[in-house]
Structures are given as C-alpha cells and as structure tokens.
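Descriptive analysis of the structure
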Amino acid sequence: MEKNLSEFELDALREISNIGSGNAATVLSQLVNKKIDMTVPQVDVLPFNDMIRKIGAEDEKFVAVLLRVFGDAPGNILYLMGYKKAESVMKYMLKDYKEYNTENEELSTSVYQEIGNILGNSYLNAISKMTGLTLMTSVPAVAIDMLAAILTTSFIYAQQYDDYVLAIDTHFIDDNKDVGGSFIYIPSPGSLDKILKNLGIK
Amino acid sequence: MESKEIKIGIGDLNIAFPPDRLITLGLGSCVGIAIYDYKNKVAGLAHIMLPDSDGFTNQSNPLKFADKAIPSLIEAMVKSGGNPAYFKAKIAGGASMFAFSDKNPMMDIGTRNGTAVKENLKKYNIPITAEDLGGNSGRTMIIDAETGKVFIRMVGKDMKEL
C-alpha cells in the first residue's frame with residue numbers, strides 16, 4: 001500500500017477530498033434540511049484493527065452504504081452512520097417511520113441506498129472534474145451490521161489486503177455536534193497514484 | 001479464579017485455558033476458526049481474512065491467510081500442551097456483507113474463505129463438528145476454554161451455541 005506518501009501528496013489528497021466531501025455535505029444538508037458541517041478529511045494509513053477502532057467499537061451496529069467505484073481509479077466509497085443516527089435520519093426522510101423492522105425493510109434500504117448514491121456521486125463528481133479521470137459507481141449496497149464486519153469486507157473488496165490499509169475519511173457534523181456519519185474513500189492499489197498524477201503532482 | 005475474555009483481532013490468533021474465553025468480534029467475510037482439545041482443555045481461536053497466501057509477496061502477517069493461520073494455530077496449541085488427536089474444530093463467518101447483483105469472484109471472498117478453511121482443517125486431520133458459514137450477516141465468535149462450547153452473536157439476534 002502507498003505507505004510513503006509525501007506531505008505534499010497528502011495535502012493534495014486532503015484537498016480534493018475536502019472539495020468532494022464539501023459537495024456531499026451540501027447535498028446531505030439539503031436532504032435532511034439541516035446545516036451539516038464536516039471535519040477536514042484525514043488520510044490514514046493504519047493497521048486494520050486500528051482503522052476500525054478509529055471509527056467505533058468492532059461490534060457496534062452501523063448502517064453502511066457501499067458504492068463500488070469503476071473507471072480510471074477504482075475503489076470503494078463507504079458511507080457509515082451509527083445506528084441511532086441512521087434511525088433519526090430515517091425518521092426525517094420517511095413519514096410515520098418509527099423503527100427498522102421487516103415491514104419497512106425494503107423501503108428503508110432503498111432510502112439508505114439513495115442517500116449513499118447521492119453522497120457518493122457528488123463526492124466522485126468533484127474528484128472527476130478536478131482530475132479529468134472517468135469514475136463511475138455501482139448500484140449501492142446496504143448492510144446494517146457490526147462495524148468490523150463491514151469495514152474488513154469493504155477493504156477486501158477494494159483489494160486492500162496489506163497489513164496497512166489506506167482510507168480518506170470525513171465526518172459530517174450536524175448542529176448538535178453529533179457525528180452525522182463518516183464518509184470513507186477506499187482506493188484500490190494504484191488509484192491514488194493516478195489521482196496524484198492527474199493533479200500534476202506525481 | 002476469575003475468567004477473562006481474550007480478544008483476537010483480524011489476522012490474529014490466541015490460546016486460552018479454563019476458565020478463560022477467547023472472542024473475536026465482527027467476522028464479515030472473514031472466518032473464525034475455533035479449535036478445542038477436549039481432553040487437555042486447550043482452546044484456540046484464529047481470525048483469517050484471506051483464503052490463500054499464494055501470490056502474495058508481502059507476508060509480514062501470515063496469520064491473515066487460512067493456509068498459514070491453521071498450522072500456526074495447531075502449533076501454538078501443541079506448544080501449550082494440546083494433542084492434535086483430541087482436536088475438534090468449529091468454524092463461523094464467510095458472509096457476503098453486501099449483496100451486489102454481479103457475481104464477481106472477488107465479491108465472493110466469504111465463500112472462498114470458508115472453503116479454504118475446510119480444506120486446510122482436512123489437510124491437518126482436524127474434524128469440523130459444527131459450522132455457521134455464509135449468509136449476509138456479521139458474526140462475533142466466542143469459545144469457552146472450560147467446556148469447549150462455541151457461541152455466535154449476530155446483530156439483532158440472541159446469542160446461540162454452535
């Protein structure tokens with residue numbers, strides 16, 4: 001994995017993620033009709049177990065939307081919300097929504113898919129525009145499950161098998177200072193190089 | 001004596017003696033391998049994430065591969081007083097966490113992990129007495145070194161014995 005990124009390269013990656021996540025945060029604000037801020041994106045190269053613990057407890061329940069990224073710089077985009085947070089978003093999006101159950105499973109899954117789709121694509125569009133790379137996404141897939149199970153699978157899907165994994169993540173913050181979700185870009189090996197090259201940095 | 005719970009991370013393994021327990025949290029496409037020596041009461045648990053180390057140049061942590069972790073687990077148990085003649089295995093995990101419509105073999109890593117674990121246990125003549133593989137849900141796996149009982153916990157479900 002690209003463990004040896006220079007400070008300059010890290011800056012560039014943070015900057016494009018900043019613009020991408022900024023787009024996504026704006027869209028999310030409009031979706032939930034609330035002001036959404038975000039943290040400065042972090043580029044982390046960490047061992048698997050540390051990467052998971054940075055986000056939450058291994059067996060904590062999360063709602064995850066995964067988009068596979070195809071094209072010039074493949075990888076995955078993962079949007080993660082703590083379960084409680086996700087339920088409050090759902091209550092806002094769906095009238096009469098009380099809690100996740102077998103009756104509304106299909107409907108809530110498609111709402112989560114749509115949120116992931118909109119956020120993921122607004123992020124990727126920004127990166128696409130800046131780099132001139134062609135990036136497309138798959139249909140989003142949703143999992144409501146333990147954090148460790150979600151994250152390991154997402155990294156493996158992006159072919160990140162090393163002891164160290166790389167992710168660029170941003171936290172959304174709403175006015176209550178609650179974390180409104182994390183947005184994680186998991187590039188496949190080689191994708192970062194392409195992004196950096198097209199930015200004229202490498 | 002107070003029993004403690006020893007946590008196993010991803011690509012890791014450990015051994016426990018009564019009254020302790022071994023636990024690994026959030027197995028997705030990964031597979032947990034619990035081996036128990038029912039005579040000498042030695043328990044071992046490994047958490048693998050890939051089926052095969054073949055073709056990987058960087059093997060700084062071989063324990064994440066099924067084909068390397070299983071012999072290492074057996075060796076660690078033997079060093080701790082276990083006898084392979086009394087080893088029995090229970091395995092869990094290998095889920096497809098995200099249901100994508102296309103059947104890319106890469107996406108089927110859970111199934112491949114499960115198959116590799118079974119093949120390797122067979123290779124070392126360790127019988128599998130129970131398995132909980134596949135599906136779409138993550139699993140937490142616990143083995144009690146006192147009884148050799150293995151428990152599985154899933155989100156939104158009661159803990160069950162495997």
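Just above, that's the structure.
These lines cover the structure that appears in this document, whether it is placed above or below. (Residues numbered from 1 in each chain as written. Chains lettered and ligands numbered in written order. Predicted model: local features only at pLDDT ≥ 70, side-chain atom pairs only at ≥ 80, totals over all residues. Heavy atoms only, no water.)

1. Considerations on the overall build of chain B
Cut-off, in case you're wondering: Strands here mean DSSP runs of E at least two residues long; helices mean DSSP runs of H or I at least four residues long; both are numbered from the N terminus. Type-normalised accessible area, obtained with a 1.4 Å probe on protein chains alone, sets the label of each residue: buried when under 20%, exposed when over 50%, and partly exposed for intermediate values. Accessible surface area values rest on a Shrake-Rupley calculation with a 1.4 Å probe, where residue burial reflects the displayed protein chains alone. When charges are counted, Lys and Arg are positive and Asp and Glu negative, with His and the chain ends excluded. By convention, the point assigned to a charge is CZ for Arg, NZ for Lys, CD for Glu and CG for Asp.
Scanning chain B from N- to C-terminus turns up two helices and 10 strands. Shown N-terminal to C-terminal, the secondary structure of chain B runs as helices and strands in the order β-β-β-β-β-α-β-α-β-β-β-β. By principal-axis analysis of the C-alpha atoms, chain B measures approximately 50 × 40 × 25 Å. Taken over 162 residues, chain B has a buried fraction of 53%. Summing over all exposed atoms, chain B offers an accessible surface of approximately 7,100 Å²; the carbon and sulfur share of this is 49%. Of the side chains in chain B, 20 bear a positive and 18 a negative charge, and the two mean positions are spaced by 2 Å.

2. A word on the environment of Ile 168 of chain A
Residues and elements named next belong to chain A. Test applied: When checking whether two residues touch, look at their non-hydrogen atoms; a contact exists if any pair is within 4.5 Å.
For Ile 168, the location among the structural elements is in strand 7 (residues 164-174). Judged by its relative accessible area of 3%, Ile 168 falls in the buried class. Sequence separation of Ile 168 and Phe 183 is 15 residues, and the distance between their C-alpha atoms is 8.1 Å. Among residues more than four places away in sequence, those in contact with Ile 168 are Leu 13, Ser 17, Pro 41, Gln 42, Val 43, Tyr 123, Phe 183, Ile 184, Tyr 185 and Leu 192.

3. As for the interface of chain B and chain A
Operational definition: A quick way to say it: buried area is the sum, across both parts, of accessible area lost when two parts are put together, with a 1.4 Å probe. Any Lys or Arg side-chain nitrogen located within 4 Å of an Asp or Glu carboxyl oxygen qualifies as a salt bridge. Distance and chemistry together define a polar contact, namely a pair of N or O atoms within 3.5 Å, with one atom able to donate a hydrogen and the other to accept it when in protein, and with adjacent residues in sequence counting only for side-chain atoms on both sides. The nonpolar class holds Ala, Val, Leu, Ile, Met, Phe, Trp, Tyr, Cys and Pro. Asp, Glu, Lys and Arg form the charged class, and all remaining residues, Gly among them, are polar.
Taken together, the contact pairs 33 residues of chain B with 31 residues of chain A. Taken over both partners, the interface formed by chain B and chain A buries close to 2,600 Å², and the fraction arising from carbon and sulfur atoms is 64%. Between the two partners, chain B and chain A, sit two salt bridges. In this structure, the salt-bridge partner of Lys 7 of chain B is Glu 58 of chain A, at a minimum N-O distance of 3.1 Å. Viewed at the interface, chain A and chain B are joined by five residue pairs in polar contact (both at pLDDT 80 or more). Among the elements of the structure, strand 3 (21-27) and strand 8 (139-144) of chain B are those that each provide at least two residues to the side of chain B that touches chain A. No other element matches strand 3 of chain B, which puts three residues into the side of chain B that touches chain A. When its residues are assigned to classes, the side of chain B that touches chain A shows 16 nonpolar, 12 polar and five charged.

4. Regarding the packing of aromatic side chains
All names here are of chain A. Quick reminder of the rule: In this analysis, rings of Phe, Tyr and Trp, with Trp reduced to its six-membered ring, are considered paired at centre separations within 6.5 Å, and the interplanar angle assigns stacked below 30 degrees, edge-to-face beyond 60, and tilted for intermediate values. Think of it as a cone above the ring: NZ of Lys or CZ of Arg counts as a charge over the ring if it is within 6 Å of the ring centre and within 35 degrees of the ring normal.
This model, assessed by the stated rule, comprises six aromatic pairs over all chains. A ring pair is formed by Tyr 123 and Phe 183, whose centres lie 4.8 Å apart and whose planes are at 55 degrees; its orientation type is tilted. Here Tyr 123, found in helix 4 (residues 105-131), pairs with Phe 183, found in strand 8 (residues 179-187); they are 60 residues apart in sequence, far enough to count as distant. Here the two residues Tyr 123 and Phe 183 agree in accessibility, since each one is buried. Between Tyr 123 and Tyr 185, the aromatic rings sit 6.1 Å apart at their centres with planes inclined by 50 degrees, giving tilted as the arrangement. Here Tyr 185 lies in strand 8 and Tyr 123 lies in helix 4, a separation of 62 residues in the sequence. Like Tyr 185, Tyr 123 is buried. Here the aromatic cluster, defined as three or more aromatic residues joined through ring pairs, consists of Tyr 79, Tyr 123, Phe 183 and Tyr 185. The ring of Tyr 83 has Lys 61 sitting right over it, with the charged end atom 3.8 Å from the ring centre.

5. Topic: the pairing of strand 4 (residues 31-37) of chain B
Residues and elements named next belong to chain B. Test applied: Pairing between two strands is assigned when DSSP locates at least 2 bridges connecting them.
Within strand 4, seven of the seven residues are buried, which leaves it mostly tucked inside the rest of the structure. Here strand 4 shows no split at all, with Val 31, Ile 33, Ile 35 and Asp 37 on one side and Gly 32, Ala 34 and Tyr 36 on the other all buried. Sheet topology note: the strand 4/strand 5 (residues 42-48) ladder contains seven bridges and is antiparallel. Of the residues in strand 5, the one forming a bridge with Gly 32 is His 47.

6. What to know about the sheet that holds strand 10 (residues 160-161) of chain B
Residue and element names in this part refer to chain B. Strand order in the open sheet formed by five strands is 1-3-8-9-10, with mixed pairing between adjacent strands. The open sheet has two edge strands with one neighbour each: strand 1 (5-7) and strand 10. Two elements, strand 1 and strand 3, share three bridges in a ladder whose sense is parallel. Paired with Glu 5 across the bridge in strand 3 is Arg 21.

7. Concerning the pairing of strand 7 of chain A
All names here are of chain A. Counting buried positions along strand 7 yields eight of 11 residues, so the element is predominantly enclosed. Inspection of the sheet shows strand 1 (residues 36-38) paired to strand 7 by three bridges, in the antiparallel sense. Bridge assignment links Asp 37 to a residue of strand 7, and that residue is Ile 173. With six bridges joining them, strand 2 (residues 42-47) and strand 7 adopt antiparallel strand pairing. Looking at the pairing, Pro 47 lines up with Tyr 164 of strand 7.

8. Comments concerning helix 2 (residues 48-55) of chain A
Counted only if it meets this: Starting at the helix axis, one direction is taken to each C-beta atom, and the arc is that of these directions.
The complete set of buried residues in helix 2 of chain A reads Phe 48, Met 51, Ile 52 and Ile 55 of chain A. Burial along helix 2 of chain A is one-sided: seen end-on, the buried residues are contained in an arc of 95 degrees.

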